[in-house]
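Analysis of the macromolecular model
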Amino acid sequence: MSRTRTRFRSTATATATADLGSGQGAALRVLACALAAGTVCAGLSAAPASAAETPPVVSRGVTIPEFYTPAAELPATNGTLIRTEALPLGLDIPGLDGRPMPGTATRLMYKSTDSSGQPVAVTGAYIEPSAAWKGSGPRPLVAVASGTMGQGDQCAPSFALQHPLTLSGDTVSVGYEALAIYRILATGAAVVVTDYVGLGATDRLHTYVNRLDQGHALLDAARAARSVPGASVTAASRTGLYGYSQGGGATAAAAELQPSYAPDVPLAGTYAGAPPADLTSVMKGIDGSALAGALAWSINGFAQSDPDLRAVVEANISTTGKAALADASTMCVGDAIFGYGFTKSSKWTTSGKSIGEIIAAEPRARAALDKQRIGTLKPSGPVRLATGVNDDIVPHAQARRLAVDWCRKGGDITYDAVVLPNLGDKILTNHLVPLLTDQGEAIGWLTDRLAGKPSTSNCWSMPIQP
């Protein structure tokens, strides 16, 4: 696979509007699946160095704003802001006091470190809430890790805050995390959202479900929030982590990494919903499911960042498979469901074996995925881990195993098995419904931690929990 992301404008997409909600023009298939780490410039007011010489990046008919184009150099310190700009929220209302509800948003680019130890620019958003914080201590901060949005730059969570629905003939993206974000803001806590490595920022592909990339990006977003102009949060603000699905994996990874990577982030509590802790198991869950396209995103990301997995992919993926991986690399969730829903990965390989079977037979590939396992370290602070017992996309058993692993390491774990009827096989319902039914309890639990209330681990109950 190529190490350089191809960026071009076709005749059809040259007329595409920069408004992310329109996405006019013919479908754009960016043939890129792997690339080297990129760098960006330092300084809040710095413009992208390449802006004058490189045409805008267009992803499936959506022109990516210049803000997201990384430039030449990075600051030395993780969490340092590179640039900011005002971010209009797509869903807000004027408050009685004249301030917008739920708050005032700022688009961010900040410095982080990727899984290979190289500097990387990450984008995201900070929202200063209009609601007052009524708990103890200074206004707290919640770093939100979004659930799966896709791999195209137009799918970035910060885009979704501005454009809650992007619907065209080329791409479909829904900002479904807005509900949780706005409910958190209503408590008076500030929110910072990470776009993850490579989602939004145009220098590389999004490294989907990469443990280190996601954990680092989330913790560095919390650091960056302190320096946002007008932000009321400080280094003393209690910090919570909130995420479900891909986001649950990111918060779980961040909770494990915080002691060594970001001890300056005062972590008060972590919510990890349906975390993909064991990718070998999760690959089996999504293969052939409505969200089979997510398997392509994980392959693309790991082929970019891990030489061993890249070699296995190049040796076993067919021409048809390579075309599918390239096509998926610019898709959002809606595109992937319509384009590759219920596809089996055996259609993408030269042998007709599933990608899971190929990885199981390749020691290098198995070792690469083993490095992504969450649960080998004790998490910092209290964690609430919730998983739907019938979840067959992010399998329940591997999420429960994460709770057991953490309990054995002495973690302060509140485990909650979400018991609901089986709502269908591999059609996403068993995965998505707990996202909604558990949301209120998850935010309430996290708000108590931000207010300084103690938690009570229920690790003792694991033998009798489903």
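Residues numbered from 1 in each chain as written. Predicted model: local features only at pLDDT ≥ 70, side-chain atom pairs only at ≥ 80, totals over all residues. Heavy atoms only, no water.

**A few points about the layout of surface pockets**
- By volume, the largest pocket is sized at about 390 Å³.
- The wall of the largest pocket is formed by 21 residues, among which Thr148, Tyr176, Val333, Leu428 and Leu432 lie closest to the centre.
- Breaking the lining of the largest pocket down by element, the ones donating at least two residues are β10 (172–174), α9 (333–340) and α13 (429–437).
- A per-class count over the lining of the largest pocket returns 14 nonpolar, six polar and one charged. (1 Å grid on protein atoms, 1.4 Å probe; cavity = no way out; pocket = protein on both sides within 12 Å on 5 of 7 lines; lining within 4 Å. Points joined across faces, edges and corners; volume = space filled by probe spheres on them. Helix = DSSP H or I, 4+ residues; strand = E, 2+ residues; numbered from the N terminus. Nonpolar A, V, L, I, M, F, W, Y, C, P; charged D, E, K, R; others polar.)

**Quick look at the state of the cysteines**
- Per the counting criterion, the structure on display carries two disulfides.
- Across the disulfide, Cys155 is cross-linked to Cys332 (sulfur-sulfur distance 2.1 Å). Between Cys155 and Cys332, the S-S torsion sits near -100°, and that sign places the bridge as left-handed. With Cys155 in the loop between β8 (141–145) and α1 (157–162) and Cys332 in the loop between α8 (319–328) and α9, the pair connects residues that are 177 residues apart, well separated along the chain. (Disulfide = S-S within 2.5 Å.)

**A look at the pattern of salt bridges**
- Enumeration according to the criterion identifies 16 salt bridges in this entry.
- Here Asp327 and Arg60 are joined by a salt bridge, their closest N and O atoms 3.4 Å apart. Pair noted here: Asp327 is in helix α8 and Arg60 is in the loop between β1 (58–59) and β2 (62–63), with a separation of 267 residues, a long-range link. With respect to class, Asp327 is no different from Arg60; both count as buried.
- Among the ionic pairs, Lys453 bridges to Asp448, the shortest N-O distance being 3.5 Å.
- Residue Lys453 is classed as partly exposed on the basis of its relative accessible area of 47%.
- Through salt bridges that share partners, Asp220, Arg223, Arg226 and Asp264 make up one connected network. (Salt bridge = Lys/Arg side-chain N within 4 Å of Asp/Glu carboxyl O. Buried < 20%, exposed > 50% of the residue type's maximum accessible area, 1.4 Å probe, protein only.)

**Side note on the nonpolar core**
- Ranked by internal contacts, the top residues of the largest apolar core, which has 65 residues, are Tyr110, Tyr126, Leu141, Val192 and Trp406.
- One finds Tyr208, Ile299, Ala336 and Leu369 within the second-largest nonpolar core, a separate group that totals 35 residues. (Core = buried A, V, L, I, M, F, W, Y, C linked by side-chain atoms within 4.5 Å.)

**Some thoughts on empty space enclosed by the protein**
- Under the defined criterion, the tally for this structure stands at eight cavities of 30 Å³ or more.
- In this structure, the largest cavity encloses a volume near 150 Å³.
- Considering the residues around the largest cavity, the lining is formed by 17 residues, among which Tyr208, Val209, Pro276, Val282 and Ile286 are closest to the centre.
- Looking at which element gives the most residues to the lining of the largest cavity, the answer is helix α5 (residues 279–286), with four residues.
- Residues that form the lining of the largest cavity fall into these classes: twelve nonpolar, five polar and no charged.
- Estimates place the volume of the second largest cavity at around 100 Å³.
- In this structure, the second largest cavity is lined by Met283, Ser298, Ile299, Phe302, Leu309, Val312, Val313, Asn316, Ile317, Ile355, Ile358 and Ile359.
- Among the secondary structure elements, those contributing two or more residues to the lining of the second largest cavity are α6 (293–305), α7 (307–316) and α10 (355–360).
- Of the residues forming the lining of the second largest cavity, the biggest block, four residues, is contributed by α7.
- Counted by class, the lining of the second largest cavity contains ten nonpolar, two polar and no charged residues.

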